[in-house]
Amino acid sequence: MSLADVALLLLFCTEHPFGHLIDTLQSEQYEERRYFNPQKLRDVRYEKLPFCMRVLLESTIRKCDGFYIKTDDVSSILDWQKQQNQAEVAFSPARVLLQDFTGIPAMVDLAAMRDALAKQGVDPNLVNPRCPTDLIVDHSLQIDYSKCAIQSPPSPMDESHGATTRSPAGRPSPRGSSSSGSHCSGQRPGHRGGCSKVSCSDAPSGRSAAVQIENTPLLCPFHLQPVSEPETMIRNQEMELIRNKERLQFFKWCSKAFKNINVVPPDINTVHQLNLEYLCQVVQEGEGFIYPDSVVGTDSHTTMINGLGILGWGVGGIESEAVMLGQPVSLTLPQVVGCKLVGTISPLATSIDIVLGITKHLRQAGIGGKFVEFFGPGVQQLSAPDRTTIANMCPEYNATVSFFPVDDITLQHFKHTICSEEKLVVLEDYLKAIKLFRSYSDQSEEPQYSEVIEMNLSSIVPHVSGPKRPQDRVAVTCMKEDFINCLNEKVGFKGFHISKEKQATQVPFLHEGAEYNLAHGSVVIAAVISCTNNCNPSVMLAAGLLAKKAIEAGLKVKPYIRTSLVPGSGIVTHYLNTSGVLPYLRKLGFEVVGYGCATCVGNTAPLPESVVDAIKQGDLVACGVLSGNRHLEGRLCDCVRANYLASPPLVVAYAIAGTVSINLETEPLGVNSEGKDVYLRDIWPSKEEVNHTEENIVIASMFKELRSRMEKGSSFWNSLESAESALFPWDPKSTYIRCPSFFNKLSKEACTPQSIEGAYPLLFLGDKVTTDHISPAGSIARVSAAAKYLQSKRLTPREFNSYGARRGNDAVMTRGTFASIKLQNRLIGKTGPRTLHIPSGQTLDVFEAAERYQRDGVPLIILAGKEYGSGSSRDWAAKGPYLMGVRAVIAESFEKIHRNHLVGMGIAPLQFLSGQNADSLELCGKERFTINIPQELIPRQQLVVQTSTGKSFSVMALFENDMDVAFFRHGGILKYVARSLLP
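Criteria and cut-off values
Residues numbered from 1 in each chain as written. Predicted model: local features only at pLDDT ≥ 70, side-chain atom pairs only at ≥ 80, totals over all residues. Heavy atoms only, no water. Pairing = 2+ DSSP bridges. Helix = DSSP H or I, 4+ residues; strand = E, 2+ residues; numbered from the N terminus. Axes fitted to C-alpha atoms, helices over the stretch in contact; angles between N-to-C directions. Contact = heavy atoms within 4.5 Å. Parallel < 35°, antiparallel > 145°, perpendicular 65-115°, else oblique. Left-handed = near helix turned anticlockwise from the far one by under 90°. Nonpolar A, V, L, I, M, F, W, Y, C, P; charged D, E, K, R; others polar. Salt bridge = Lys/Arg side-chain N within 4 Å of Asp/Glu carboxyl O. Buried < 20%, exposed > 50% of the residue type's maximum accessible area, 1.4 Å probe, protein only. Polar contact = N/O pair within 3.5 Å; in protein donor to acceptor, adjacent residues only side chain to side chain. Core = buried A, V, L, I, M, F, W, Y, C linked by side-chain atoms within 4.5 Å.

Undergrad: Which residues make up the sheet that holds strand β19 (residues 371-375), and what are the values?
TA: In spatial order, the strands read β20-β19-β18-β21; together these four strands make up an open sheet with parallel pairing. Each having just a single partner strand, β20 (401-403) and β21 (451-456) make up the two edges of the open sheet. On average, each strand axis in the sheet is tilted by 25 degrees relative to the strand beside it, whichever way the strands run. Helix α2 (residues 51-62) rests against β18 (336-342), β19 and β20 of the sheet, and its axis sits at about 125 degrees to β19.

This is how it looks when you write it as structure tokens:
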């Protein structure tokens, strides 16, 4: 260390409140590193803290500045056992993670903030992320093509762009394609490439012939050159880039205009996988120190990273913007539940079974809003990928994080992924120095938890989850019986209320010249997606090995089933291909369609018209089966009412069976060419087979190769042009990127809180209104308010794209607010995106009613039941209501992230007092409401609500701390941050 470094260190130690805790990590194997050592506090309480609390404590010590983060915060964390659920502390994460659906509105807001400050005479270059930020473009993929088939190809641009040509039949088709419109893999007419050689070998008498599929591609008959990747993936990627060019140009501008932000272009990786494979460091280095990695992300599945011992959770786009701009996250010290894992895992149980088993167990334990930390002998049976899979499902059991401390298994994982030998040594030495390394053999390391719940892993058996909610688990052996019960039950969380006489309905239909039958339970969508298990090769390899055995047994998937394979990243495709199973998946119809979020977010191509007609004709409960993480009713496709989450091999199995109304233990999946029944047990790969394949495929060289691809980016992105200015050049004609109105008339001083007087309810909602209901992410319906706006801009329905893709346009997103076809509004008594305009008595689109109220200067509120705002984190679920004129939401309870969003937009989240709700108070929803808000508002204050009918009741204002009150007083966090930059 030089004299200058020593002088700087002495100055830092003198000025920093905890400078005396600075220590040095030394070894002959690496250069010395400095770090803050909490053990030098010599406080016995430190070693009793849960490991996740130790990460929080280190950050608070290191970032303590006496303003945002105070010495009292350190004392509160040390005294966590007494302060949990009481003390508020500020937390500064090491980095911020954005995906494009939620990242684009965040970046649009920062661009708009630059404009607003420039008008006030402030240098716009001052608006930059202060916290390192990564933005991953991975949510724009849509499945236009599948099975190498072009079915009603989309036309994202007019013909003048040269993107499409017209076939003789009048349908648009990409250049170079067959005009017949009949394109498929294998030997069908109109083949477009991407197929493999197929041959049958001789087999002994009495056994079916084994089909040998080679990995080498044939020459494409249309291009007369080898096709290196499935045609479906190439075409879907082409459409993604053409359709989203405006958004990508904006992201490219962001990457150049803003400092401290890294933009990862599309078709590289999913946000979760990239976070695990490339961005996570476990131990970060910066500002002269090493420290534990931590992250907040604009996606509820950011929690996946906790499986690797990295503290992180999902926040709203609004909160993430504040962290990006240097504001800490305000956190009530949570309860930490210790989840003790015991017992031995069944060899037939996959990581998905373990995930869903733990999900149900923790949901029943009532751990909403708490941290979970895993310990016990069972943890050592879980690989690092298993742990990240479990941590990924945090939102489903409503925990804030599910933390697995770093141990020997985690270190072994990092040898194959992110770490050089030197960094591994530094990582291990540092974590051991501050007691963040877990040893399960030493019982003295057991922390103290708020409570301990125990789970026996041997009790886990294969399950699926559905048909409408991820928490409704069904044992595979009981699937048929459960589905029949769902048909019988009244319409609700599980029921469909199909009369007994109609349950045997079968509807014949023609598809590609052949006749098939659809019935209740028929599978029409089967999607192998690796977003919840994308770091776990075992389940994806199991799906591939099952496909291989199915092909060898002579089984097929019916061609009308919309099958797709969406790997979490190139590494998944790489090991599926290298292990030799990808061609077998392709033969069954599971083509790689691209990389990104597709089926889960509703970006599924339309089903064949004959299938849709048959479903409607028989009023059938058709089914989708996917290995993703979201499957709410109608999300995959409007006409597919029953959707099940399943492990990848079970998705393949149900696709082969063609129905979910089957007992996979006792009934055959199908019949081979010799008429012999083939059961699931005949083709299910053993754990030894999967492990052998995994060990020989998932090696460090694969990660290195794919990491290199991620760093290089794509040729399209590298050649994409964008502006070079400090201010973004808004295009008034753009329907993707538009300057929002959040900063209009920005004053230097905040106003005092004002009471809400004479407000009408815009909507009167029930329980479990999700962010899908509030702010849809899927396709834009042709009869919606957003569609009318886009049509006024001369766009055709084929050019609408999705709500998620248009989150940078406030005009579209405001019109899309409450546009879900599944919205149940008690003001009109039926399902749909409409409401009652109370003064006139007219039933209107929700946006049109809100627009009329705003024109008349009438404030609005929303009445709701329990768990308002549950589901995926979406900032537009708060921004949309704000721009509609909603001033408050009165509900029985709120999902935590959404509550934060409402506060961040200046909307008051008000909770009925315990034992009260709209029904008990006899509210009809047509009253006018006055909410008295005092000028000296304090956290969790009870407010009085008066109605025009003379009723009066109290509600709890869910402002959790002084920072929440400050945000509300300023009219939201964006204005709060902007004002902090004004002179």
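There is more to say after this.
Undergrad: Run through the packing of helix α5 (residues 100-119) against helix α32 (residues 973-980), naming residues and quoting values.
TA: At a minimum axis separation of 11 Å, α5 and α32 run at an interaxial angle of 45 degrees. When the axis of α5 is compared with that of α32, the two are oblique. Here the hand of the crossing between α5 and α32 comes out right-handed. Every residue of α32 that contacts α5 at Asp109, Met113 and Leu117 is listed here: Leu974, Val977 and Ala978. Considered class by class, the residues forming the contact of α5 with α32 number five nonpolar, no polar and one charged.

Undergrad: Give a description of the pattern of salt bridges that names residues and reports values.
TA: A side chain with one charge can pair with a side chain of the opposite charge if their charged atoms come near. Applying the stated criterion across every chain, the model contains 30 salt bridges. Measuring nitrogen to oxygen at the nearest pair gives 3.4 Å for the salt bridge that ties Asp845 to Lys788. Of this pair, Asp845 sits in strand β36 (residues 842-845) while Lys788 sits in helix α26 (residues 785-792); the two residues are 57 residues apart in sequence, bridging distant segments of the chain. On the basis of relative accessible area, Lys788 is assigned to the partly exposed category, the value being 41%. Between Lys788 and Glu848 there is a salt bridge, with the nearest N and O atoms lying 3.2 Å from each other.

Undergrad: Outline the sheet that holds strand β15 (residues 294-297), supporting the account with residue identities and numerical values.
TA: Overall, parallel pairing links the five strands, which are arranged β12-β5-β4-β15-β16 in an open sheet. Since the sheet does not close on itself, it has two edges, and those belong to β12 (261-264) and β16 (311-314), each with one partner. The average undirected angle you get between the axes of adjacent strands in this sheet is 15 degrees. Across four bridges, the pairing between strand β5 (residues 133-136) and β12 is parallel. By the bridge assignment for β12, Asp134 is matched with Asn262. Each of β4 (95-99), β5 and β12 touches helix α8 (residues 271-279); the most contacted strand, β4, lies at about 145 degrees to it.

Undergrad: Let's hear about the packing of helix α9 (residues 317-324) against helix α30 (residues 896-904): which residues, and what values?
TA: If you want to describe how two helices pack, look at the angle between their axes and the distance between the axes. Where α9 meets α30, the closest approach of the two axes is 8 Å, and the angle between their N-to-C directions is 70 degrees. One element, α9, and the other, α30, form an angle in the roughly perpendicular class. Together, Gly317, Ile318 and Glu319 of α9 and Asn900, His901 and Gly904 of α30 make up the contact between the two elements. Partitioned by chemical class, the residues of the contact of α9 with α30 number one nonpolar, four polar and one charged.

Undergrad: Requested: an account of unusual backbone geometry, with residues and values cited.
TA: At the junction of Gly466 and Pro467, the peptide bond is cis and its omega measures out at 15 degrees in the coordinates. Among the structural elements, Pro467 can be located in the loop between β22 (463-465) and β23 (473-475). If you check the backbone angles, Asn398 has positive phi at about 65 degrees while not being a glycine. Positionally, Asn398 belongs in the loop between α12 (394-397) and β20. In this structure, Asp619 takes a positive phi of about 45 degrees despite not being glycine. Note that Asp619 resides in the loop between α19 (609-618) and β28 (623-626). Look at Asp619 and you get partly exposed, because its relative accessible area is 46%.

Undergrad: Any chance you could break down the side chain of Asn275 for me, citing the residues and the numbers?
TA: Inspection of the secondary structure puts Asn275 in helix α8. A distance of 2.9 Å separates a polar atom in the side chain of Asn275 from a polar atom in the side chain of Arg95. Dropping the residues within four chain positions of it, Asn275 is found in contact with Arg95, Leu97, Cys280, Thr302 and Ile305.

Undergrad: Any details on α32? Residues and values, ideally.
TA: Of all eight residues making up α32, six are buried, and the element is well covered by its neighbours. Residues Ile973, Leu974, Lys975, Val977, Ala978 and Arg979 constitute the buried set of α32. Along its buried surface, α32 packs onto α5, α9, α29 (876-884), α30 and α31 (962-970).

Undergrad: How would you sum up the nonpolar core? Please name residues and give values.
TA: Note that soluble globular proteins tend to have their nonpolar side chains buried in a common cluster. With 222 residues, the main nonpolar core has Phe250 and Tyr868 as its most contacted residues. Contacts of Tyr868, omitting those with residues within four sequence positions, involve Leu765, Val769, Ile774, Phe818, Ile862, Val889, Ala891, Ser893, Phe894, Glu895 and His898.

Undergrad: Please set out the pairing of strand β41 (residues 942-947) residue by residue, giving values where relevant.
TA: Covered by surrounding structure in β41 are Leu943, Val945 and Thr947 only, the residues Gln942, Val944 and Gln946 on the alternate face being uncovered. Where strand β40 (residues 929-931) meets β41, three bridges bridge the pair, whose relative direction is antiparallel. From the neighbouring strand, Phe929 faces β41, where its bridge partner is Thr947. In this sheet, strand β42 (residues 952-957) lies alongside β41 in antiparallel orientation, the contact comprising five bridges. Directly across from Val945, in β42, lies its bridge partner Phe953.

That's the geometry; what it means functionally is another story.
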